Amino acid sequence: METTFYADIILPVPLPRLFTYEISQRWINDVEIGMRVVVPFGKKKYYSGIIYSLHDQKPEAYETKEIVSVLDSTPIVNETQLHFWKWISEYYMCTLGEVYKAAVPSGLKLESETKVHYNTNWVPEEKLTPKETMVLDFLSEKKTATVQDLNNITELKNSLPIIKSLLDKEALFVSERLKDGYKPKTKKLVQLAPEYCHDQKLQNVFTELSRAKKQLEVLMVFFTMIGGANKNNYSKAIEKNLLKEKSGASLSVLNELIKKGVLLEVETAISRLQTDTLLTDGLHELNPAQQNAKQQIEQQFKEKDAVLLHGVTSSGKTEIYIHLIKEQIDKGKQVLYLLPEIALTTQITGRLKKVFGNAIGIYHSKYSDAERVEVWNDILHQENYKVVIGVRSSIFLPFDNLGLIIVDEEHENTYKQFDPSPRYHARDAAMVLAHMHKAKVLMGTATPSIETYRNTQLAKYGLVELFERFEGIQMPQIITVNVREEKRKKRMHAHFSATLIEHVTKAINNGEQAILFQNRRGFSPYLECTQCSWVPKCDFCDVSLTYHKHINQLVCHYCGHSSYLPKTCKACNSPALQTKGFGTEKIEEDIKIIFPEIKVARMDLDTSRTRKSHETIIGNFERGEVDILIGTQMISKGLDFDNVSVVGILNADSMLNYPDFRAFERSFQMMAQVGGRAGRKYKQGTVILQTSNPDNPVILNVINNNFKNHFQSELAERELFKYPPFYRLIHLTVKHKNQNTVNQASDYLGQYLRGLFKERVVGPQAPTVSKIQNWHIRKIMLKIEGGVSLIKVKEMLRDAINTVVSHPGFKAVVIQADVDPM
Ligand code: ADP
Ligand code: ZN
Ligand code: ZN
């Protein structure tokens, strides 16, 4: 009897297991692990899934269906990636399907609901099949359709293979949340027109052109560029621009030749990610301190897999990375350079492109899906990119030969994905990824996280320090201003102390710039009735609404819902509603009153939703078109401005008083990083730190630039109160639309867990914001001491969760796990 073969498939569905499908004889020689296949799922749906394994074990529990078709001729995901996915799903307690969804750009995972668009710039180059033509005809009219729609019109059970083939031809593109629209960039080429590809004809042209000297000249240059006027070169095309440049002729002379039909102009798509810069600049020479740091890093890599480079802002860490990257490329290895989302700006990519030219790929979540697919394919087929600079999701790219992963600003909490699952931490996952590739990890920051620094103390990671700024620029001088005192003395103008205004004024008069930092966006965090203290709250979330003045609306920062300002108090009808607290929008308004002549810009989530607006703000500030930049923590991320002499931190207290065990750690990082923007190049800068609590130890540590002290006191607190790095945390979130149900389910889960884990269970509790988008939320925290097997704990947790959600009373209850929450 013939053996039947099966494939276990990862499907993009939130179900915990893999699905086994039969492989018909037809496909048996075509399938490999990591390829995409189309399979039926449920009653009507088709999905493209990834082959996880191949075997001949018929599943006991269910009748298998057959794979409908195989989409790839070579795998799009390699086996190392699949191991990595598996690790992520186990460690972060999610399904492989969820990892697949997060890891692969949507253009590579077609589902029934996937939206397909017609590429209006497409030029057909090859013949299409009748079915392809049918799909294209339909789409060229409709522009957009779902895969399901296309199934219907083609009367095929499954149009995915056709769509895939059209995607490969770039006639279509796929979107999930398309921002820029995909227009392939084109460049113009010229070549000899076919009718002149003949020696005799050419001779005639030369004779004819003897009266048009300039055109003749261009033609001569053209022939030199293609390598001489002989048959072998006739079909060669060159860039139109290049011809113009080399011949020194005007565009009209060139176009004349095209008009006459001697030269033919063709347009061809070029990869949008390619730059024209080649390996130009070479490397900056490292100064002795940098040289020394680099040697130490290399030394420590001999024994350790990970090293922390603790270097103050502007010490030249990035230059050191560049040198290390170069060495990896020379060895034929790939490098992944991770950056927090917001720090991935043209500033940094520009610096790297100067050195690595086309060998550098950029993977940004604000890029369109088409661009992400392009990077994916480039890495997969090992084409141009040797280095990828990217945000957290770039750990999922199909690397097969990593030598080094750089995690810049390793302390940043945006490395952790909050929602949806997988809730992974890219820095921590990078350790595992590097291990799979036998690669090294270099973390860099001016303000290490407590966890990472502890690991250096335990000698798990190496530590290299760089406490000298490049070219000996001094660290900024920090002046604290006691806001409470100032208020008493009536020396505050709006939210600005006299000291702050004085320094900003001086800076402006000197032609320098200032940055004002306030960690809240909007105009004022809430509105309050002066009569009865009523505060308007979101209808869907248990949180007060933030007032945004430019749109004159109240906005919920949790669900985005906005509503008009009430004219009167909804509790007592009094019209006396007052704005409370202050956000960046209010700072902007107030500063414009104090400095009416000055150009002010604001950078926060509201003004920088797109990559472009974000870069425009940075660009304008860099070019000196803006004098004062106001912003949230966005402005502290890896930006390097030459002309900023003053940084104002308007309210240090709101960060310090935040109810979270990491509040002090974050405040230290934030203040040190924001302060680091001051006085980068030419002279010592000043930081004005406004607080009502100038003796707070965190503030003192910031002023004295004393990280070690900060670390020691944080560590002591963490040990005392059983927090990381001494204890591992797992958060469980229980959600339901009904408050009673959520209470009952979370109580039940809490009791169940207490039976297993005893006093390690904290909660259930209603979190500070206990309702979001009509979902009631309860939290349970698990604190697991060192030495306990996390694998075992997670197994028991999974069982507990399954027990609760399969309880008949708790059917629609959602329970999410967050391992190592931030
Ligand atoms: P960090 O990453 O530690 O904040 P950077 O690498 O951005 O520091 O360096 C700060 C500034 O000093 C940058 O403008 C950088 O170009 C410059 N710089 C650093 N090292 C060198 C070097 N060896 N040669 C020339 N310029 C350097
Ligand atoms: Zn009232
Ligand atoms: Zn809301």
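Structure: above.
Model, not experiment: these values are computed from the prediction.

(A) View of the coordination of the zinc ion (ligand 2). Looking at the zinc ion (ligand 2), one finds its protein donor set to be Cys529 (SG), Cys532 (SG), Cys569 (SG) and Cys572 (SG), positioned 2.3 Å from the metal centre. Angles of 103 to 114 degrees at the metal separate the four donor atoms of the zinc ion (ligand 2), which places the site in the tetrahedral class. Between consecutive donors of the zinc ion (ligand 2), the numbers of intervening residues give the motif C-x2-C-x36-C-x2-C. With cysteine 529 in strand β23 (residues 526–529) and cysteine 572 in the loop between β26 (562–564) and β27 (577–580), the pair connects residues that are 43 residues apart, well separated along the chain. Overall, the relative accessible area of 1% leaves cysteine 529 in the buried class.

(B) Spatial organisation of the sheet that holds β26. Within the open sheet, the three strands sit side by side as β24-β25-β26. Their pairing is antiparallel. This sheet does not close on itself; its edge strands, each paired only once, are β24 (546–548) and β26. For this sheet, the mean angle separating the axes of adjacent strands, direction not counted, is 35 degrees.

(C) Highlighting the side chain of threonine 584. Tracing the chain through its elements places threonine 584 in helix α18 (residues 584–594). Polar side-chain contacts of threonine 584 include one of 2.6 Å to the side chain of aspartate 604.

(D) The arrangement of the sheet that holds strand β16 (residues 402–408) in detail. Pairing within the open sheet is parallel, and its seven strands lie in the order β14-β15-β13-β16-β17-β12-β18. Strand pairing shows two members of the sheet lacking a second neighbour, β14 (360–363) and β18 (462–466), which therefore form its edges. Strand-to-strand twist of the sheet, defined as the mean angle between neighbouring strand axes without regard to direction, takes the value 15 degrees. In the packing of helix α10 (residues 288–301) onto the sheet, the strands contacted are β12 (306–311), β16, β17 (440–445) and β18, and the crossing angle to β18 comes to about 180 degrees.

(E) Just α10, in detail. Here α10 is 14 residues long and its end C-alpha atoms lie 20 Å apart, about the 20 Å a rise of 1.5 Å per residue gives. Taken as a whole, α10 has its buried residues at Gln290, Ala293, Lys294, Ile297 and Phe301. Down the axis of α10, the buried side of the element spans an arc of 100 degrees, and every buried residue falls inside it. Buried residues in α10 make contact with β12, α11 (317–330), β16, β17 and β18.

(F) Local environment of the packing of helix α7 (residues 213–226) against helix α9 (residues 251–259). Relative orientation of the contacting elements α7 and α9 amounts to 80 degrees, with a least axis distance of 9 Å. By the angle class used here, α7 and α9 are roughly perpendicular. In this structure, α7 uses Lys214, Gln215, Val218 and Leu219 to contact α9, whose residues at the interface are Val253, Leu254, Glu256 and Leu257.

(G) Structural detail: the site of ligand 1. Taken together, 16 residues lie around ligand 1, and Glu285, Gln290, Lys317, Thr318 and Arg351 are the ones closest in. Glycine 316 is positioned with one of its backbone polar atoms (N or O) 2.9 Å from an oxygen atom of ligand 1. Take glutamate 319: an N or O atom from its main chain is 3.4 Å from an oxygen atom of ligand 1. Summarising the interface, the protein chains cover 84% of the accessible area of ligand 1, which totals 550 Å² for the free molecule. By residue class, the composition of the shell around ligand 1 is three nonpolar, six polar and seven charged.

(H) Up close: empty space enclosed by the protein. Under the criterion given, the structure shown has three cavities of 30 Å³ or more. Space inside the largest cavity adds up to approximately 50 Å³. A breakdown of the residues in the lining of the largest cavity according to their chemical character gives two nonpolar, two polar and three charged.

(I) Quick peek at helix α6 (residues 199–209). Every buried residue of α6 is listed here: Leu202, Val205 and Leu209. Down the axis, α6 shows its buried residues gathered within 55 degrees of arc, on one side only. Residues of α6 that are exposed and point more than 90 degrees away from the buried face comprise Thr207 and Glu208.

(J) Quick look at the pattern of salt bridges. A full pass over the atoms with the stated rule returns 27 salt bridges. Residue arginine 662 is joined to glutamate 451 by a salt bridge in which the shortest nitrogen-to-oxygen separation is 2.8 Å. Taken together, the positions of arginine 662 in the loop between α20 (652–656) and α21 (663–675) and glutamate 451 in helix α15 (residues 450–457) put the pair 211 residues apart, joining distant regions of the chain. For arginine 662, a relative accessible area of 3% corresponds to the buried category. Among the residues examined, glutamate 451 registers a relative accessible area of 17% and is labelled buried. Of the charged contacts, one joins aspartate 604 and arginine 602 as a salt bridge, the two residues approaching to 2.9 Å between their closest N and O atoms. Judged on exposure class, the residue aspartate 604 and its partner arginine 602 are both buried. By sharing partners, the salt bridges in this structure join Glu588, Lys592, Arg602 and Asp604 into a single network.

(K) Summary view of the packing of aromatic side chains. Scanning all chains against the criterion turns up 17 aromatic pairs. Taking the centre distance of 5.0 Å and the plane angle of 15 degrees together, the rings of tryptophan 87 and tyrosine 91 count as stacked. A residue pair is termed a helical-turn pair when its members lie 3 or 4 positions apart in one helix, as tryptophan 87 and tyrosine 91 do in helix α1 (residues 79–91) at four residues. Judged by its relative accessible area of 22%, tryptophan 87 falls in the partly exposed class.

Definitions and cut-offs
Residues numbered from 1 in each chain as written. Chains lettered and ligands numbered in written order. Predicted model: local features only at pLDDT ≥ 70, side-chain atom pairs only at ≥ 80, totals over all residues. Heavy atoms only, no water. Donors = N, O, S within 2.8 Å, 3.2 Å for Na, K, Ca; no water. Tetrahedral: all angles 85-135°; square planar, octahedral: opposite > 155°, others 65-115°. Helix = DSSP H or I, 4+ residues; strand = E, 2+ residues; numbered from the N terminus. Buried < 20%, exposed > 50% of the residue type's maximum accessible area, 1.4 Å probe, protein only. Pairing = 2+ DSSP bridges. Axes fitted to C-alpha atoms, helices over the stretch in contact; angles between N-to-C directions. Polar contact = N/O pair within 3.5 Å; in protein donor to acceptor, adjacent residues only side chain to side chain. Contact = heavy atoms within 4.5 Å. Expected span 1.5 Å × (residues − 1). Arc of directions from axis to C-beta. Parallel < 35°, antiparallel > 145°, perpendicular 65-115°, else oblique. Near = heavy atom within 4 Å. Areas by Shrake-Rupley, 256 points an atom, 1.4 Å probe, with all protein chains shown as cover. Nonpolar A, V, L, I, M, F, W, Y, C, P; charged D, E, K, R; others polar. 1 Å grid on protein atoms, 1.4 Å probe; cavity = no way out; pocket = protein on both sides within 12 Å on 5 of 7 lines; lining within 4 Å. Points joined across faces, edges and corners; volume = space filled by probe spheres on them. Salt bridge = Lys/Arg side-chain N within 4 Å of Asp/Glu carboxyl O. Phe/Tyr/Trp six-rings, centres within 6.5 Å; stacked < 30°, edge-to-face > 60°.

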